[in-house]
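# Structural description and commentary
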Amino acid sequence: MAIVKKVGEETVEFLEEENLIKVTIPIKIIRRGGKSTIKTPDGMVGHDEMEALQRALIQGHRWIKWLEDGKYKTLEAVARKEKTDKSRVAKLIRLTCLAPDIQEAILCNTGTWVLTLKDCMKPFPMLWTEQRDHFRKLAVVAPERSSNDE
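All of the points below concern the structure found in this document. (Residues numbered from 1 in each chain as written. Predicted model: local features only at pLDDT ≥ 70, side-chain atom pairs only at ≥ 80, totals over all residues. Heavy atoms only, no water.)

### Overview of a nonpolar patch on the surface
For the record, the criterion: Exposure above 30% relative accessible area and the lack of any salt bridge qualify a residue for a patch; like charges then connect within 9 Å, and the nonpolar side chains Val, Leu, Ile, Met, Phe, Trp and Tyr within 5 Å. For accessible areas, the Shrake-Rupley method is used with a probe of radius 1.4 Å. Any residue's cover is judged against the shown protein chains and nothing else. Within this document, salt bridges are pairs made up of a side-chain nitrogen of Lys or Arg and a carboxyl oxygen of Asp or Glu, the two lying within 4 Å of each other. Segments assigned H or I by DSSP are reported as helices when at least four residues long, segments assigned E as strands when at least two residues long, and all are numbered from the N terminus. Only protein chains enter the accessibility calculation, which uses a 1.4 Å probe; a residue whose area is less than 20% of its type maximum is buried, one above 50% is exposed, and one in between is partly exposed.
Nonpolar side chains collect at one region of the surface, where Val-12, Phe-14 and Ile-21 lie side by side and expose about 340 Å² of accessible area between them. Considering the arrangement of structural elements, one finds Val-12 in strand E2 (residues 11-15). A relative accessible area of 64% means that Val-12 is categorised as exposed.

### Side note on the side chain of Gln-131
In plain terms, the rule: Between N or O atoms, a polar contact is any pair within 3.5 Å; within protein, one atom must be a potential hydrogen donor and the other a potential acceptor, and residues adjacent in sequence are included only when both atoms are from side chains. For this analysis, residues touch if any pair of their heavy atoms sits within 4.5 Å.
Structurally, Gln-131 can be placed in helix H6 (residues 128-138). A relative accessible area of 0% places Gln-131 in the buried class. Within the structure, the side chain of Gln-131 is placed 2.7 Å from the backbone nitrogen of Ala-99, a separation counted as a polar contact. Within the local environment of Gln-131, its side chain forms a polar contact with the backbone oxygen of Pro-125, the two atoms lying 3.0 Å apart. Those residues within four positions of Gln-131 in sequence are excluded, and the remaining contacts are Cys-97, Leu-98, Ala-99, Ile-102, Phe-124, Pro-125 and Met-126.

### Description of the nonpolar core
Inclusion rule: Think of a nonpolar core as a cluster: buried Ala, Val, Leu, Ile, Met, Phe, Trp, Tyr and Cys residues, connected wherever their side-chain atoms sit within 4.5 Å.
One finds Leu-95, Ile-102, Leu-115 and Phe-135 to be the most contacted residues of the largest nonpolar core, which totals 26 residues. At five residues, the largest contribution of residues to this core is made by helix H1 (residues 47-69). Aside from chain neighbours lying at most four places away, what touches Leu-95 is Leu-53, Ala-56, Leu-57, Gln-103, Leu-117, Cys-120 and Phe-124.

Have a look at this one:
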């Protein structure tokens, strides 16, 4: 679970004696698994983690297309081609089952869903409504629950 701590409020001050302008920007320090990241007002959280999840989702789509097109017959064949293990191939292909709005947020960096690859590699529900509830609990930043979550 993430630990989120808000630091400071947005302010701009002019310090006449020092002839300085002091700007304070609110940030959130997010600590997950021994690693700290900073969330700024523009919504960027753990950019490297987000890129890893984007690459994994894109790779999962590419691999499932190879299987659907018949280029490779099995997960083992894909794993041999990519020099990885079968379980990783299966987990990344499973990412293609995420709800469309979650996939879009991941790929477009909208900040609506801020998840890590580690969050998505664990088992998750296949029903989209259940996925939203599941990931809402895990996400550093998750969308507010609405009646359109179907």
